[in-house]
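An overview of the molecular structure
Here is what each chain is made of, one letter per residue.
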Amino acid sequence: MKNLPEFNFRFIIGFRHIFCRCRARQPVLGGESCRQFFICREKENTMNIKRAKQEIRDSIEAYLSKDEFGEYRIPSIRQRPILLMGPPGIGKTQIMEQIARECGIALVSYTITHHTRQSAVGLPFIVKKNYGEEEFSVTEYTMSEIISSVYDKMEKTGLKEGILFIDEINCVSETLAPMMLQFLQGKTFGNQKVPEGWVIVTAGNPPEYNKSVREFDVVTLDRIKKIDVEADFDVWKEYAYQQGIHPAVISYLELRRKNFYRVENTVDGKIFATARGWEDLSRLIQVYEILGKTVDREVVSQYIQHRMIAKDFAGYLALYYKYRTDYKVEDILKGKWDPITLGKIRTASLDEHLSIVSLLNGKLSELFTECYLTDAYLTKLYDYMVYFREDQDSFTAKNLMEKAEADLEKDKKSELLTKQQERIQKRVVSFFENASGLKINGSELIESDKTGSDSGPAGGRSAAAESEDPSSNRNYEFVKVLFESETEAYENRTDEISLTLQNVFDFMEAAFGDSQEMVAFITELNANYYSLWFIRENGSDQYYRHNKGLLFDDRQKMLLGQMEEVENILNNGCLLYTSDAADD
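**Thoughts on the overall build of the protein**
The helix and strand inventory of the protein stands at 23 helices and 14 strands. For the protein, the residues scored as buried account for 42% of the 584 residues in total. If you take every contact in the protein between residues at least 6 apart in sequence, the share linking residues at least 24 apart comes to 74%. Counting every atom, the protein has about 32400 Å² of accessible surface; 50% of that belongs to carbon and sulfur.

**Digging into unusual backbone geometry**
With a phi close to 50 degrees, K328 is a non-glycine residue in the positive phi region. Residues other than glycine seldom take positive phi values, yet E415 does so here, at roughly 60 degrees.

**Regarding the side chain of E279**
Inspection of the secondary structure puts E279 in helix α10 (residues 275-291). Not counting residues within four places of it along the chain, the set of residues in contact with E279 comprises Q94, Y239 and I245.

**Quick notes on helix α14 (residues 339-346)**
Along α14, the positions that sit buried rather than exposed are T341, L342 and I345. Within α14, the buried residues cover an arc of 100 degrees as seen down the axis, which keeps them to one side. Exposed positions of α14 whose direction lies more than 90 degrees from the buried face are P339 and I340.

**Section: the layout of surface pockets**
Estimates place the volume of the second largest pocket at around 380 Å³. Along the walls of the second largest pocket sit 21 residues, with M85, P206, E208, K226 and D228 positioned nearest its centre. Looking at which element gives the most residues to the lining of the second largest pocket, the answer is strand β11 (residues 225-229), with three residues. Of the residues that constitute the lining of the second largest pocket, the class distribution is twelve nonpolar, two polar and seven charged.

**Considerations on the sheet that holds strand β3 (residues 82-85)**
The strands that make up a sheet are held in pairs by hydrogen bonds between backbone atoms, and each pair lies either parallel or antiparallel. Pairing is parallel across the open sheet formed by six strands, whose spatial order is β2-β11-β3-β10-β7-β4. Bordering the open sheet on either side are β2 (46-47) and β4 (106-111), each of which pairs with just one other strand. One ladder, built from two bridges, connects β2 with β11; its direction is parallel. Bridged to M47 within β11 is V229. Across the face of the sheet, helix α2 (residues 49-63) comes into contact with β2, β3, β7 (162-167), β10 (198-204) and β11 while running at roughly 160 degrees to β11. Across the sheet, helix α5 (residues 145-157) is in contact with β4, β7 and β10; its angle to β4 comes to roughly 150 degrees.

**As for the environment of Y387**
Along the polypeptide, Y387 turns up in helix α15 (residues 350-390). Note on Y387: relative accessible area 35%, which makes it partly exposed. Taking the C-alpha atoms as reference, Y387 lies 8.8 Å from L400; in sequence the two are 13 residues apart. In this view, Y387 contacts F395, L400 and K403; residues no more than four positions away in its chain are not counted.

**Focus: the environment of F233**
Relative to the elements of secondary structure, F233 occurs in helix α8 (residues 233-243). Given a relative accessible area of 6%, F233 falls into the buried group.

**A few points about the pattern of salt bridges**
Going through the model one piece at a time under the given rule, you end up with 27 salt bridges. For D222, the salt bridge goes to R80, with nearest N and O atoms at 3.9 Å. Placement of D222 in the loop between α7 (218-221) and β11 and of R80 in the loop between α2 and β3 is noted, with a sequence separation of 142 residues between them. According to the relative accessible area criterion, D222 is exposed, its value standing at 51%. The shortest N-O distance in the salt bridge between R257 and D234 comes to 2.9 Å.

**Some thoughts on the pairing of β7**
Regular strands place side chains that alternate from one sheet face to the opposite one. The element β7 is largely enclosed, with a buried count of six among its six residues. Burial along β7 is two-sided: the residues G162, L164 and I166 and I163, F165 and D167 are all buried. Relative to β7, β4 runs parallel, the two being bridged by six bridges. Residue A106 lies in a different strand from β7, and its bridge partner there is G162. In this structure, β7 lies alongside β10, joined through five bridges in parallel fashion. Its bridge partner being in β10, G162 is matched across the sheet by W198.

**Some details on the packing of helix α9 (residues 247-255) against α15**
For the pair α9 and α15, the least separation of the axes is 9 Å and the interaxial angle reads 145 degrees. In terms of crossing hand, the pair formed by α9 and α15 is right-handed. Along its contact with α9, which presents P247, S251 and L255, the element α15 presents D351, L354, S358 and G362. Along the lines of polarity and charge, the residues of the contact of α9 with α15 split into three nonpolar, three polar and one charged.

Criteria and thresholds
Residues numbered from 1 in each chain as written. Predicted model: local features only at pLDDT ≥ 70, side-chain atom pairs only at ≥ 80, totals over all residues. Heavy atoms only, no water. Helix = DSSP H or I, 4+ residues; strand = E, 2+ residues; numbered from the N terminus. Buried < 20%, exposed > 50% of the residue type's maximum accessible area, 1.4 Å probe, protein only. Contact = heavy atoms within 4.5 Å. Areas by Shrake-Rupley, 256 points an atom, 1.4 Å probe, with all protein chains shown as cover. Arc of directions from axis to C-beta. 1 Å grid on protein atoms, 1.4 Å probe; cavity = no way out; pocket = protein on both sides within 12 Å on 5 of 7 lines; lining within 4 Å. Points joined across faces, edges and corners; volume = space filled by probe spheres on them. Nonpolar A, V, L, I, M, F, W, Y, C, P; charged D, E, K, R; others polar. Pairing = 2+ DSSP bridges. Axes fitted to C-alpha atoms, helices over the stretch in contact; angles between N-to-C directions. Salt bridge = Lys/Arg side-chain N within 4 Å of Asp/Glu carboxyl O. Left-handed = near helix turned anticlockwise from the far one by under 90°.

What follows is the structure, given as C-alpha cells:
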C-alpha cells in the first residue's frame, strides 16, 4: 500500500470505510440501519442540449429503422412523439435543424401559438352522403395547413421521411388545446394523419417561463417521450466556437458563468439573459466592428434584458478593446513583444490576464477556422478535379462550373446544406467560373512554357482553337495549374498559422510560465473544434507538452472528485434501505 499514489490510497480507504460501516450496521441518517445495499437520491432527470440532441437522434434512427421487408421495426402506433421541455433560448429549435441534416431527412417546423384552430385543423365544408336510401348533409374538413405543409415539403425536397416539429406545444389557446391532445395521442390533425415515416417532435417551456402554459394530463404524458433539458455553458461554449461567436462574449461568460442564463422576477417584470441573446448580440458586435460602430450599454441591453448583466458586459467589452490596443495583440501574433510589455502584464490583475488569453485565443480561432474552411473547399474542389481528369477529353472548365452549380441547387432544394457547406460549394463554382474565363490565355501560357517561346502550337493551330477542341486536354491542364496554385497558397498559409501558434505559446511561456493562465489557454484550445482540428492536422510540440501536464492534473482532480462524491453520497445524499422481508 505504501507504493500507491496518495489519491488512489485515499480512494480505496474511502470505499473500505463505507463497507465497514455497512457491516457494522452503524446508525446513520436518522438512526436507520444499513442493510446490504443503499439507495441514493436520484438527481432530477434533466440533461443538457447536447445530450438531448443525441437522445432525439437515436430515437429518430430507431423509429425510421426498417426490417428486411421494408417495414418499420417500431410501428407508427408505438413511435411516441418526443416532447422537449426546457427554458427558452437554449437551442431547442436549432438542434432539430441539425438532426434533420445529419439524418438526411426533411424538417417541417411550426410554432403552434401562431395558428388558429382553423389553420391547424382545417376549414369545415358540407358534403352530401347517402346512408341507406336517404341523403344527408355531412360536415367534413379541408386538409390541415400543417399536414399539407408536410406533403409540400415531400414534393419539394424529394424526401419521404422527416420530422414534424411543433414548438410551444403547451402554450396553445383554449380552442386549440383539445386538438393538441388529439395530435399527441393519435398523430392526427382533424381527420388527417401525419404521413408514415414522419416523426413528431414537440417543444415547450416550463410554467415558470410562460404564464400561458397548460399542463398535460397523465393520459397524454403516458403516450409521449419526455426529455427535460437545461442550460449548460460548457456545451454552449463548444457550439459557440464552431459558430464563430465573438471571443469577448465567450471569455466574459467563462469568467461570469452565472450570467450565461438567468431569468428573474422583479417588481417591473421579468429580467433575463439567454443563450439566444448572447449569440444574437455576438453577431451584432462583429458587424459593428466592421462598420466602425460602438457597442455600449444601451445596445447590449437590447439583447441582454438584464440591466446589471448588460452594464457589466458593456464595461468588460470596453476593457477588452483597450487591452487589445495596450498589449499590441497583433504584434504578439507576429512574435514581437518587449520586456516592458511582459512587466506590465505581470503586475496586472488575473481578470486582465484572462482577457489577454482570450484575445489571443480569439485571434487564433479566426485563423484556425479560416484554415479549416479552405481545407474543406480544396477537398471538395479535388473531387471535381478527379471527375474532370477522368473525362478531360469531353469536359471543359465551363462544364464543371455548370455541374457544380447544379449540385449546389440540388443540395439547396433538399435543404440538407448548412450555411458553411453552401459557402464552400459557392467557392467551387466561382473557381471553375474564373477558370473557364481564363482558359484561352491559360492555354497560351502553358504552350509558351512548353516551347520556350511566344509562338503558337506546332502545326499552325492557335491555342485558342485547341482550347475549343473537345479532344484537347489543355482545359484540364490549365485548370490543374490553377488548382495546384490554390493548394500551394493554402500550404503557405498553414505554415504561417503554425508559426503564429508557436509565437503565442512562446509569449505565454515568457509572460505566465506554467501558471493558471497557461491552463486557461490550453483549456480553451481543447474546447475549440477548429483548434483541435488544426493541431491534429499540423501538430504543435508546445501544445502536446503543456496539454500532457494538464491531462495528468485533470486525471488527479477527477479521482479526487470521485472520492468526494462517494463521501457525499454516504454523508448527505443516501437513504439506507431496510427490508423487513430480508429479516424474515
